[in-house]
Structure formats: C-alpha cells, structure tokens
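In case you want the letters, here they are:
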Amino acid sequence: MGANFSVLIERMRQAGGLKNHSAVAKTLGISPQALSNFKRRGEIPADLVVRFAGIYNLSLDWLFRGEG
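Cut-offs and rules
- Residues numbered from 1 in each chain as written.
- Predicted model: local features only at pLDDT ≥ 70, side-chain atom pairs only at ≥ 80, totals over all residues.
- Heavy atoms only, no water.
- Helix = DSSP H or I, 4+ residues; strand = E, 2+ residues; numbered from the N terminus.
- Rg over C-alpha atoms; globule rule 2.2 N^0.38 Å.
- Buried < 20%, exposed > 50% of the residue type's maximum accessible area, 1.4 Å probe, protein only.
- Contact = heavy atoms within 4.5 Å.

(A) Local environment of the overall build of the protein chain. Along the protein chain, the regular secondary structure elements total 5 helices and 2 strands. Reading the secondary structure of the protein chain in the N-to-C direction produces β-α-α-α-β-α-α. Taken against the 2.2 N^0.38 rule, which gives 11 Å for 68 residues, the C-alpha radius of gyration of the protein chain at 11 Å falls within 12% of a compact globule. In terms of overall dimensions, the protein chain has a C-alpha envelope of 30 × 25 × 15 Å along the principal axes. Each of the 68 residues in the protein chain was classed as buried or not, and the buried ones make up 28%. Within the protein chain, residue pairs in contact and separated by at least 24 positions form 51% of the contacts whose partners lie at least 6 positions apart.

Below is the structure:
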C-alpha cells in the first residue's frame, strides 16, 4: 500500500527542512530516480514514509493524514 505522493512528499520536505525532492531521496537512502518513479506512479511506499518519520521523530498520522 502506498500513500499519495504529492501530499506526502511536501509534508516530508517541509518537516525535514529540505530544499527539494533530491534532498528527500538522500534522507531516505534512495536515488532521486527512484523517487521520480514513485512520483510517476503517484504514490510512495509506506515503509519509506515510516523510515522518514523515524528519522525526524514525526507522527505517522500527520504524515499520512495531516492529523496529529
């Protein structure tokens, strides 16, 4: 199950104080090309969102639903 890419990536970028998608990819330990592939599909794997939440100590409810 994936989550909506555009909403999540923007929340992740802002929460991490990251300038662009490449910085998000680097934080996640994936290539910018992999992130582009997720963008093309319109979703990002949930495990990557969980990883990002752990790195920045963020609420998954906030990342996935904008709540909390």
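(B) Representation of unusual backbone geometry within the structure. Although it is not a glycine, Asn57 adopts a positive phi angle of roughly 55°. Position of Asn57 among the secondary structure elements: in the loop between helix H4 (46-56) and helix H5 (60-65). Overall, Asn57 belongs to the exposed group, its relative accessible area being 72%.

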